[in-house]
Amino acid sequence: MSNKKVHLSVEGTDIHLELPILESTLGQDVIDISKVPETGCFTFDPGFGATAACESKITFIDGDKGVLLHRGYPIEQLAQKSDYLETCYLLLNGELPSPEGKKDFEQIIRMHTMVNRSIEQFMSGFRYDAHPMAMLCGAVGGLSSFYHDSMDINDPEHRLITAHRLIAKMPTLAAMCHKHFIGQPYMYPDNKLGYAENFLHMMFGTPCEESNINPVIAKAMDLLFLLHADHEQNASTSTVRLAGSSGANPYSCIAAGIAALWGPAHGGANQAVLEMLEQIGDEKHIDKYVVRAKDKDDSFRLMGFGHRVYKNFDPRAKVMKEACDAVLAELGIENDPLLKIAKRLEQIALEDEYFVEKKLYPNVDFYSGIIMKAIGIPTEMFTVIFATGRTVGWISHWNEMLSNPYRIGRPRQLYTGSPKRDYPE
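Residues numbered from 1 in each chain as written. Predicted model: local features only at pLDDT ≥ 70, side-chain atom pairs only at ≥ 80, totals over all residues. Heavy atoms only, no water.

Ordered by their spatial adjacency, 3 strands build an open sheet running β4-β5-β6, and the pairing between neighbours is antiparallel. Strand pairing shows two members of the sheet lacking a second neighbour, β4 (59–62) and β6 (73–74), which therefore form its edges. (Pairing = 2+ DSSP bridges. Helix = DSSP H or I, 4+ residues; strand = E, 2+ residues; numbered from the N terminus.)

This is how it looks when you write it as structure tokens:
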């Protein structure tokens, strides 16, 4: 705790409070406002843009400088030197594993990749055209009906088993959502394969022939999971924490996170990129749409450029761009009409004075949307894949909260409705 304090006085009263300033390792310090109700008031902060609702040691973001750290490690270094499962271990445990520890962790995840056969029947109950996010949200919540033996949220061992199960089963469930959506048989996991390879096997394989996983595509998919693993106290992570603060079981908490991620302002951003490219339709229309994007009175926006958090370059975007270029070159589809539009927009955003001045650089959603389009993943699955990668972040924050003293979340409000009134006679 800092020795600095904020002094708060209420004019016209004798109320005077000293509010301590709590020091952070990095980033902004925070004012402890827990005594503010003694003034007879609450604080007002719509969207919680100026409020730290928790203390965390997992992820740090400096949006002005374009910094993203997981347990202190820069995302660029993790993307270059690590892989998704090692990053999962880091987020869960606070430190990188030893080579033997990494091998053991990968084996534990392999042991939990299958789902109960009843889940297949559950999935089959959805309409043939059900949105994959609707299926995933329901299926993850439904997992709570299977694991009564290990859902004591006060038991650290139970919480760890749950984390392993969720990380392992999410690719299986995600692929099942895809298979149901396109009317193909479900594919069981093949535990000889790595995490991303297994996901691609379940997504695109069929019982008729052996899967042939392209290593360039598998590396890009693993990177996509890694770059979405956690992003601090965003809407879905805060939702998981809020649900967890009530003592709810972990599967329902993760289902709540999936529901929050579904929104177009959050997890639907990369899907919005593809929809924007489809709206533009042809390279010859690009200049017209760029002019519209610069007009503040026009409703059209270039999706995938700039970021609410990063006021500079999204640190994940540079890494994802390299993977995107590698995938397009490997597949030889640089001349796909939508991808040509995307590459031209990327060039404009990096060179046009308007976009450079406003720092509207291509972000991670722009490149991840292009990669998934190139691989052949339908747009309806984009947010499902985001949820698969983000699961480890959600469960890490949930576990961190339960590992320390916590209170049930109970935001306050500024009531502006009718005063008390009597029912008419």
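Past the structure itself, the notes keep going.
Looking now at the packing of aromatic side chains. Here the structure, examined in full by the defined rule, presents 12 aromatic pairs. Here the aromatic rings of Y84 and F225 are separated by 5.5 Å at their centres, their planes lie at 50°, and the arrangement is tilted. One end of the pair, Y84, is in helix α2 (residues 84–93); the other, F225, is in helix α8 (residues 215–227), with 141 residues separating them in the sequence. Take Y84 and F225: they sit in the same class, and that class is buried. Members of the aromatic cluster, each reached through a chain of ring pairs, are Y84, Y195, F199 and F225. (Phe/Tyr/Trp six-rings, centres within 6.5 Å; stacked < 30°, edge-to-face > 60°. Buried < 20%, exposed > 50% of the residue type's maximum accessible area, 1.4 Å probe, protein only.)

Side chains T59 and I61 of β4 all project onto a buried face; the interleaved residues F60 and D62 project onto the opposite face, where all are buried too. Pairing analysis gives 4 bridges linking β4 to strand β5 (residues 67–70), with the strands arranged antiparallel. Residue pairing in the sheet places T59 in a bridge with H70 of β5. The loop that links β4 with its antiparallel partner β5 comprises 4 residues; one of these, G66, has a positive phi angle of about 70°.

Attention shifts here to the pattern of salt bridges. Summed over the entire model, instances satisfying the criterion amount to 14 salt bridges. For K102, the salt bridge identified is with E106, shortest N-O distance 2.6 Å. With a gap of 4 residues between them, K102 and E106 both fall in helix α3 (residues 99–111), about one helical turn apart. Here the salt bridges share partners, and the residues they tie into one network are K321, D325, K343 and E346. (Salt bridge = Lys/Arg side-chain N within 4 Å of Asp/Glu carboxyl O.)

The next point concerns the nonpolar core. Counting residues in hydrophobic clusters, the biggest one holds 110 residues, and the most contacted among them are L136, L173 and L345. Tallying contributions element by element places helix α17 (residues 382–402) first for this core, with 11 residues. In contact with L345, not counting residues within four places along its chain, are M276, L277, I280, I286, V290, L302 and F305. (Core = buried A, V, L, I, M, F, W, Y, C linked by side-chain atoms within 4.5 Å. Contact = heavy atoms within 4.5 Å.)

Bringing the layout of surface pockets into the picture now. Of the voids in this model, the second largest pocket is the one considered here, and its volume is about 380 Å³. Contributing to the lining of the second largest pocket are 17 residues, with A79, K219, L223, V319 and E322 lying nearest its centre. Listing elements by their share of the lining of the second largest pocket, those giving two or more residues are α1 (75–81), α8 and α13 (315–331). Its residues assigned to classes, the lining of the second largest pocket comprises 9 nonpolar, 2 polar and 6 charged. (1 Å grid on protein atoms, 1.4 Å probe; cavity = no way out; pocket = protein on both sides within 12 Å on 5 of 7 lines; lining within 4 Å. Points joined across faces, edges and corners; volume = space filled by probe spheres on them. Nonpolar A, V, L, I, M, F, W, Y, C, P; charged D, E, K, R; others polar.)

Both β5 and β6 contribute to a ladder of 2 bridges, which runs antiparallel. Among the inter-strand pairings, H70 is bridged to a residue of β6, identified as Y73. The turn joining β5 and β6, which pair antiparallel and follow one another in sequence, is formed by 2 residues; a positive phi near 50° is taken by R71.

Time to look at the packing of helix α6 (residues 156–182) against helix α10 (residues 250–261). Contact geometry for α6 and α10: axes closest at 11 Å, N-to-C directions at 45°. The angle between α6 and α10 places the two elements in the oblique class. The hand of the α6/α10 crossing is right-handed. Contact with α6, carried on its side by T162, R165, L166 and M170, involves P250, Y251, I254 and I258 of α10 and no other residues of that element. By residue class, the composition of the contact of α6 with α10 is 6 nonpolar, 1 polar and 1 charged. (Axes fitted to C-alpha atoms, helices over the stretch in contact; angles between N-to-C directions. Parallel < 35°, antiparallel > 145°, perpendicular 65-115°, else oblique. Left-handed = near helix turned anticlockwise from the far one by under 90°.)

Attention now goes to empty space enclosed by the protein. In this structure the tally under the stated criterion is 2 cavities of 30 Å³ or more. There is about 70 Å³ of room inside the largest cavity. Tallied by class, the residues present in the lining of the largest cavity amount to 7 nonpolar, 1 polar and 1 charged. Lining the second largest cavity we find 10 residues, and of these G306, H307, N312, D314 and Y361 sit closest to its centre.

Here we take up the packing of α6 against α17. Taken N-terminus to C-terminus, the directions of α6 and α17 make an angle of 170°; their axes are 9 Å apart at the nearest point. With respect to α17, the axis of α6 lies roughly antiparallel. Residues R159, T162, A163, L166, I167, M170, P171 and A174 of α6 lie in contact with α17, whose contacting residues are V384, A387, T388, T391, V392, I395, W398, N399 and L402. Here the contact of α6 with α17 is built from residues that sort into 12 nonpolar, 4 polar and 1 charged.

Further remarks concern the sheet that holds strand β1 (residues 5–9). In space, the 3 strands of this open sheet follow the order β1-β2-β3, with antiparallel pairing throughout. Lying at the two open borders of the sheet, with one neighbouring strand each, are β1 and β3 (30–31). As judged from the 5 bridges shared by β1 and strand β2 (residues 16–22), these two strands associate in the antiparallel manner. For K5, the partnering residue across the bridge sits in β2 and is P20.

With the exception of glycine, the majority of residues adopt a negative phi angle, and the majority of peptide bonds are in the trans configuration. Notably, F48 is not glycine yet its phi reads approximately 55°, a positive angle. Looking at the element boundaries, F48 is found in the loop between β3 and β4. Its identity is not glycine, yet R71 carries a phi of approximately 50°, on the positive side. Residue placement: R71 occurs in the loop between β5 and β6.

Let's shift gears to helix α12 (residues 286–294). All of the buried residues along α12 are I286, Y289, V290 and A293. One side of α12 holds all its buried residues, which, seen down the axis, span an arc of 105°. Away from its buried face, by an angle of more than 90 degrees, α12 presents the exposed residues D287 and V291. The inward-facing, buried residues of α12 abut α11 (269–280), α14 (337–351) and α15 (353–357). (Arc of directions from axis to C-beta.)

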